[in-house]
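Listed here are the chains, written in short residue letters.
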Amino acid sequence: MKTLFVTFKAYFLMLLVAFQVYGQVPRVTNITPEVVFPTQEITLEGSNLVDAVVVNIGGAHAEIITATETSLTVKVPISARSGTLKVMNSDGLVGYSSIPLKYTHSGTDSFDINSLVPVNFEGAKHTNNDLCACDIDNDGDNDIIGAGQFININLNENGGTQAEYRQLKTSYVETLIKSPKRIACGDLNGDGYPDLAFTSDQDEFKDKVYVVFNTQNITSPFKNADVVMLETVGGNVEYKPVLIDIEIRDLDQDGKPEIVVANNTALADGEGQDNLSDVFVYKNNTAGGGPDFSLAYSVKLSDGFQGAYEVVLEDINGDDRMDIVVAERGQRIVLLTNTGDFQFSETQLVLLEDQNKDISSIAVGDYNQDGLYDLVVAKGGRASLSSGEILIYKNTGNTQFTIDKTYLSEKNSRPNSVEIQDINGDFNLDIVVSTKLGF
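## Some details on the sheet that holds strand 24 (residues 332-340)
Line of reasoning, step 1. The 4 strands are arranged 22-23-24-25 in an open sheet whose pairing can be described as antiparallel. The outermost strands of the open sheet, each flanked by one partner alone, are strand 22 (308-314) and strand 25 (343-351). Each strand axis lies, on average, 20 degrees off the axis of its neighbour in the sheet, ignoring direction.

Quick look at the structure:
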């Protein structure tokens, strides 16, 4: 009888603990308002919210202003997207909003797609290899930075209904390095102003990562700025890397974004030439004073032979850690799942069957608003007159993706870049594709 009593007691305690843990899961049942815009403060209502440490809106972390047991006040981040809102507490338990949050880039004005007009950048006479957009001068308007023969800073000076840009060519980069290949922007030193990181298209600089810090000069944000060359990753491997794509995101949730780069090095062998697929992660250790970055992670993808060409950083598995999606130039897409402490586990997401079409670009976004990031793949035909494809892979959970839709491009209009954004203001993600013939 005593044994039975002890067993029952233990069982009762187990149920009690399980109930307590379950009861601590954050729950969001109402969002006010439901339609939000950047930097707006919004209220989340529900239960078990007082211990919230992370609020994630469409893959971007929101600043927590106040927290009680039944409500949270948070500030909407600029990089937010429409979709399910997630809250994580200090125990690591995650809850999801029962209603989707709708995100727009306007607090008062409606969006009219017919009002879009082309903007020509005076002085930008060279082809751009890459573009990024951020508020370089902190005036509340997003600026455009182009990477081509030089880096071109295009400052948005209007702030009204039609943007007016002042174009600046960064002469300091001209003297150090020409032909930046890919570029990314983000606040790398915590001063509230976006900085730039880029790779190069010139042979002698292809194995290096460059960081340029914002001087906070309103009229010329990067005049006489320091250009920092990060540790050459070639010293850690048996070959000289050819760094292609570059991204900036916070991988360890310490508020300081890391730099992630993709390597595509061609190696000759007896049967032809293969391209190595590597990913390098630079940890941001900056804590006042000068910049401090260290190579925290490097991986040579298993079975990788076509060269890592593009990296995208998003929380693919919903654990509030930024994962790395890697596209090889051929037919393969790989997920590096962030397991913490700069450790990643590799999973092959997609292996395309059509050997006549190579992956040219990828993008991720929750296009069906189920709280899971989906994958959009642009494929370009190898033949000059062939058509390309846009493939949508639905995230079914547990890092599993299934083909959902396929769109064919016109002949001789091979896709070379793809992006996902809400273009027409209906709170649904649209797909923007650039091709060899234009958009």
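Now that the structure has been shown, we can carry on.
## Some points on the side chain of Lys 86
Line of reasoning, step 1. Mapped onto the elements, Lys 86 comes out in strand 7 (residues 85-89).
Line of reasoning, step 2. Residue Lys 86 is classed as buried on the basis of its relative accessible area, which comes to 7%.
Line of reasoning, step 3. Separated by 2.8 Å, the side chains of Lys 86 and Asp 315 make a polar contact.
Line of reasoning, step 4. Other than its neighbours up to four places away in sequence, Lys 86 contacts Val 54, Val 55, Asn 56, Val 94, Gly 95, Tyr 96, Asp 315, Gly 318 and Asp 320.

## As for unusual backbone geometry
Line of reasoning, step 1. With an omega of -10 degrees, the peptide bond running from Thr 32 to Pro 33 counts as cis.
Line of reasoning, step 2. Mapped onto the secondary structure, Pro 33 falls in the loop between strand 1 (27-32) and strand 2 (35-36).
Line of reasoning, step 3. For Asn 48, which is not a glycine, the phi torsion comes out positive at approximately 60 degrees.
Line of reasoning, step 4. With respect to the helices, strands and loops of the structure, Asn 48 is situated in the loop between strand 3 (41-47) and strand 4 (52-57).
Line of reasoning, step 5. Given the relative accessible area of 19%, Asn 48 is considered buried.

## Quick word on the pairing of strand 24
Line of reasoning, step 1. With 8 of 9 residues buried, strand 24 lies mostly within the body of the structure.
Line of reasoning, step 2. Two strands pair when backbone bridges link them, and strand 23 (residues 323-328) and strand 24 are joined in this way by 4 bridges, in the antiparallel orientation. Residue pairing in the sheet places Ile 324 in a bridge with Leu 336 of strand 24.
Line of reasoning, step 3. Counted along the chain from strand 23 to the antiparallel partner strand 24, the turn is 3 residues long.
Line of reasoning, step 4. Summarising the sheet, strand 24 and strand 25 pair through 8 bridges and their orientation is antiparallel.

## Thoughts on the pattern of salt bridges
Line of reasoning, step 1. Counted under the stated rule, the structure contains 9 salt bridges.
Line of reasoning, step 2. For Lys 86, the salt bridge identified is with Asp 315, shortest N-O distance 2.8 Å. Highlighted residues: Lys 86 in strand 7 and Asp 315 in the loop between strand 22 and strand 23, separated in sequence by 229 residues.
Line of reasoning, step 3. Its salt-bridge partner being Arg 182, residue Asp 245 comes within 3.0 Å of it at the nearest N-O pair. Note that Asp 245 is positioned in strand 18 (residues 243-249) and Arg 182 in strand 14 (residues 180-186), a separation of 63 residues in sequence.
Line of reasoning, step 4. By relative accessible area, which is 3% here, Asp 245 ends up buried.

## A short note on the packing of aromatic side chains
Given two aromatic rings, their pairing is described by the distance between the two centres and the angle made by the two planes.
Line of reasoning, step 1. Scanning the model with the defined rule gives 3 aromatic pairs in all.
Line of reasoning, step 2. Here the aromatic rings of Phe 198 and Tyr 210 are separated by 5.7 Å at their centres, their planes lie at 15 degrees, and the arrangement is stacked. Of this pair, Phe 198 sits in strand 15 (residues 195-200) while Tyr 210 sits in strand 16 (residues 210-212), and the two are 12 residues apart along the sequence. Of the two residues examined, Phe 198 and Tyr 210, each falls in the buried class.
Line of reasoning, step 3. Ring centres 4.7 Å apart and planes at 50 degrees place the aromatic pair Tyr 297 and Phe 344 in the tilted group.

## Overview of the side chain of Ser 277
Line of reasoning, step 1. Within the secondary structure layout, Ser 277 lies in strand 20 (residues 272-284).
Line of reasoning, step 2. On the basis of relative accessibility, which here comes to 1%, the residue Ser 277 falls in the buried class.
Line of reasoning, step 3. Engagement of the side chain of Ser 277 in a polar contact is seen with the backbone nitrogen of Gly 307, the distance being 3.1 Å.

## A few points about the sheet that holds strand 14
The strands making up a sheet are joined through hydrogen bonds of the backbone, oriented either antiparallel or parallel.
Line of reasoning, step 1. Pairing in this open sheet of 4 strands is antiparallel, and the strands run 14-15-16-17 from one edge to the other. The sheet terminates laterally at strand 14 and strand 17 (227-229), the two strands that pair on one side only. Averaged over neighbouring strand pairs, the angle between their axes works out to 25 degrees when direction is ignored.
Line of reasoning, step 2. Bridge analysis of strand 15 against strand 16 gives 3 bridges, and the strand direction is antiparallel. When the sheet's bridge partners are listed, Leu 196 is paired in strand 16 with Val 212.

## Brief notes about the confidence of the model for the chain
Detailed reading of predicted coordinates is not advised where the pLDDT is low.
Line of reasoning, step 1. Taken as a whole, the chain shows an average pLDDT of 75; of its residues, 69% reach a score of 70 or greater.
Line of reasoning, step 2. Contacts of residues 1-22 to residues separated by more than four positions or lying in other chains number 2 contacts, the stretch itself having pLDDT below 50.
Line of reasoning, step 3. Scored below 50 in pLDDT, residues 268-273 makes 5 contacts in the model with residues more than four places away or belonging to other chains.

## Regarding the environment of Ala 80
Line of reasoning, step 1. Here Ala 80 lies in the loop between strand 6 (71-75) and strand 7.
Line of reasoning, step 2. We classify Ala 80 as buried; its relative accessible area is 5%.
Line of reasoning, step 3. When the C-alpha atoms of Ala 80 and Asn 56 are compared, they prove to be 8.4 Å apart, with 24 residues separating the residues in sequence.

## Describing the environment of Ser 434
Line of reasoning, step 1. Position of Ser 434 among the secondary structure elements: in strand 31 (residues 430-435).
Line of reasoning, step 2. Residue classification places Ser 434 among the buried positions, given a relative accessible area of 15%.
Line of reasoning, step 3. Sequence-wise, Ser 434 and Val 418 are 16 residues apart; in three dimensions their C-alpha atoms are separated by 6.5 Å.

Conventions used here
Residues numbered from 1 in each chain as written. Predicted model: local features only at pLDDT ≥ 70, side-chain atom pairs only at ≥ 80, totals over all residues. Heavy atoms only, no water. Pairing = 2+ DSSP bridges. Helix = DSSP H or I, 4+ residues; strand = E, 2+ residues; numbered from the N terminus. Axes fitted to C-alpha atoms, helices over the stretch in contact; angles between N-to-C directions. Buried < 20%, exposed > 50% of the residue type's maximum accessible area, 1.4 Å probe, protein only. Polar contact = N/O pair within 3.5 Å; in protein donor to acceptor, adjacent residues only side chain to side chain. Contact = heavy atoms within 4.5 Å. Salt bridge = Lys/Arg side-chain N within 4 Å of Asp/Glu carboxyl O. Phe/Tyr/Trp six-rings, centres within 6.5 Å; stacked < 30°, edge-to-face > 60°. pLDDT = per-residue confidence, 0-100.

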